[in-house]
Amino acid sequence: MGSLVAILKNPDEFYPLLKLKMAARHAEKQIPREPHWGFCYTMLQKVSRSFAMVIQQLDSNLRNAICIFYLVLRALDTVEDDTSIATDVKVPILKAFHRHIYDCEWHFSCGTKDYKVLMDQFHHVSTAFLELGKSYQEAIEEITNRMGAGMAKFICKEVETIDDYDEYCHYVAGLVGLGLSKLFHASGSEDLASDHLSNSMGLFLQKTNIIRDYLEDINEIPKSRMFWPHQIWSKYVNKLEDLKYEENSEKAVQCLNDMVTNALMHAEDCLKYMSALRDPSIFRFCAIPQIMAIGTLALCYNNIEVFRGVVKMRRGLTAKVIDRTKTMADVYGAFFDFSCKLKPKVDKNDPNATKTLNRLEAIQKTCRDSGVLNKRKSYIIRSDSYLMINPLISMQIAILFIMLSGIFAYLSSKRPKN
């Protein structure tokens with residue numbers, strides 16, 4: 001019912017949603033027959049469906065390398081995330097992980113659900129890794145080594161200062177940006193991007209996730225996971241977990257806005273990185289997550305729901321981003337649109353209002369200076385007036401949506417099981 005209401009409110013998202021469903025079915029049909037590659041691509045869809053769809057458009061060699069790169073780092077992250085593993089067990093595994101990827105016998109049982117399956121059957125990932133070209137293997141090993149060492153460092157170290165926060169995000173995400181730039185370069189499709197810009201691409205995504213996932217992380221069992229820097233949250237509350245209590249709502253929102261403002265500092269670097277990409281498939285692969293990040297920040301800013309439940313972009317808008325992101329004009333347009341959506345939410349009494357507005361204006365200036373804003377479609381048009389003027393069309397869309405959902409459900413039930 002929620003999906004139907006969303007479609008009625010945003011009818012321009014219906015066609016992109018339909019295309020996304022079709023793309024998901026197509027991706028399922030493209031899973032390789034070899035057991036180890038079949039496992040890797042099936043697991044990729046389970047641990048990150050959106051990433052699995054974006055990766056499908058890449059050249060096959062680069063697609064395989066990035067699939068394995070993602071799964072290796074996802075497995076490494078699963079070890080770091082599992083708060084039930086004793087520190088004296090976890091740290092050596094993190095530090096040695098870059099060697100385990102060469103061992104087709106190695107596995108380590110941890111995590112839950114699909115992540116546990118990934119760890120229990122990690123030999124499939126190692127087998128696939130060993131089939132990659134040497135330049136791809138070297139890039140993946142280097143980044144895994146550096147990331148594992150950085151994660152191990154922060155197992156025993158709190159995120160106290162903003163510098164600590166940037167360092168932690170560098171280890172768990174900035175290095176992903178560096179690794180992807182190396183893989184793009186190894187494929188022969190792109191020049192090697194600077195470490196600074198590659199790092200910013202990772203930090204922008206990671207900081208967005210840390211902001212959005214506050215409640216999930218703070219409620220982690222058996223132990224809370226705390227990534228918001230003490231230097232920021234201590235200005236508003238005595239303990240990080242105090243932000244989730246209703247009596248601290250005003251201070252919680254101010255702290256949230258401080259965190260969003262910090263994340264926005266990376267946006268201009270991201271735009272610079274993406275503007276230098278030449279390969280259309282690599283461009284889309286990089287651009288879609290970045291647009292999702294600026295959209296999520298716009299949604300989270302000044303939003304108390306971050307401390308009450310899950311805050312994320314609706315699926316229809318996600319589908320529209322995936323469908324429409326084809327050129328740098330689309331990226332400039334999206335960053336401009338979402339910064340425009342965030343800007344009116346800035347309360348002049350917010351402690352960071354001036355800093356936030358300055359960062360938004362800098363992003364908007366970069367987008368305007370590109371000279372291509374008139375060449376894109378808006379991502380966030382309001383559809384309420386459309387509904388008032390076209391109730392019959394809205395009803396037709398609703399009926400079509402229900403019919404197509406039934407058809408997809410029928411086809412899925414008839415699909416042969418592997």
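In this report, the structure presented in the accompanying data block is examined. (Residues numbered from 1 in each chain as written. Predicted model: local features only at pLDDT ≥ 70, side-chain atom pairs only at ≥ 80, totals over all residues. Heavy atoms only, no water.)

## Points about the packing of aromatic side chains
Both the distance between ring centres and the angle between the ring planes are used here to describe each pair of aromatic rings. Worth spelling out the cut-off: Only centres within 6.5 Å qualify two rings of Phe, Tyr or Trp (six-membered ring in Trp) as a pair; their planes then separate them into stacked at under 30 degrees, edge-to-face at over 60, and tilted for everything else. Helical segments are the DSSP runs of H or I of at least four residues, strand segments are the runs of E of at least two, and each set is numbered from the N terminus. Only protein chains enter the calculation, and the probe is 1.4 Å; a residue is then buried if its accessible area is under 20% of its type maximum, exposed if over 50%, and partly exposed in between.
For the structure on display, the rule yields 15 aromatic pairs. An angle of 70° between the planes, with centres 5.6 Å apart, marks the rings of phenylalanine 97 and phenylalanine 122 as edge-to-face. Of this pair, phenylalanine 97 sits in helix α6 (residues 87-100) while phenylalanine 122 sits in the loop between α7 (113-120) and α8 (123-129), and the two are 25 residues apart along the sequence. Note on accessibility: phenylalanine 97 and phenylalanine 122 belong to one class, buried. Relative to phenylalanine 307, the ring of tyrosine 214 has its centre 5.1 Å away and its plane inclined at 70°; by these criteria the two rings are edge-to-face. Placement of the pair is tyrosine 214 in helix α12 (residues 214-218) and phenylalanine 307 in the loop between α16 (280-300) and α17 (315-324), with a sequence separation of 93 residues. For the pair formed by tyrosine 214 and phenylalanine 307, the shared burial category is buried. Grouping aromatic residues by their ring pairs yields a cluster made of Phe51, Tyr70, Phe184 and Phe285.

## Here's the deal with the environment of alanine 152
Filter applied, for reference: Every residue pair with non-hydrogen atoms within 4.5 Å of one another is taken to be in contact.
Within the secondary structure, alanine 152 is located in helix α9 (residues 134-155). Once the C-alpha coordinates of alanine 152 and proline 92 are considered, the two residues, 60 residues apart in sequence, prove to be 8.0 Å apart. With residues near it in sequence (within four places) discarded, alanine 152 still touches Val91, Leu94 and Lys95.

## A closer look at the nonpolar core
The following threshold applies: For our purposes a nonpolar core is just a set of buried Ala, Val, Leu, Ile, Met, Phe, Trp, Tyr and Cys residues, chained together by side-chain atoms within 4.5 Å.
In this structure, Ile66, Phe97, Trp228, Met274, Phe285 and Phe335 are the most contacted members of the largest nonpolar core, which totals 125 residues. Leaving out residues up to four positions away in the same chain, phenylalanine 97 has contacts with Val72, Ala75, Leu76, Val79, Trp106, Met119, Phe122 and Thr144.

## Thoughts on the packing of helix α10 (residues 162-186) against helix α11 (residues 195-212)
Under the convention used in this document: Lines fitted to C-alpha atoms define the axes here, with helix axes fitted over just the stretch in contact, and angles between the N-to-C directions of these axes take values from 0 to 180 degrees. Oblique is the label for every angle not falling under 35 degrees (roughly parallel), over 145 degrees (roughly antiparallel), or within 65 to 115 degrees (roughly perpendicular). Take the far helix as your reference; a near helix turned counterclockwise from it by less than a right angle gives a left-handed crossing, and one turned clockwise gives a right-handed crossing. Residues were grouped as follows: Ala, Val, Leu, Ile, Met, Phe, Trp, Tyr, Cys and Pro as nonpolar; Asp, Glu, Lys and Arg as charged; and all remaining residues, including Gly, as polar.
Between α10 and α11, the least distance of the axes is 7 Å, while the angle of their chain directions is 125°. In this view, α10 runs oblique relative to α11, as classed from their interaxial angle. α10 and α11 meet at a crossing whose hand is right-handed. Facing Tyr165, Asp166, Tyr168, Cys169, His170, Val172, Ala173, Gly174, Gly177, Leu178 and Ser181 of α10, the residues of α11 in contact are Asp195, Ser198, Asn199, Gly202, Leu203, Gln206, Lys207 and Ile210. Here the residues of the contact of α10 with α11 sort into 8 nonpolar, 8 polar and 3 charged.

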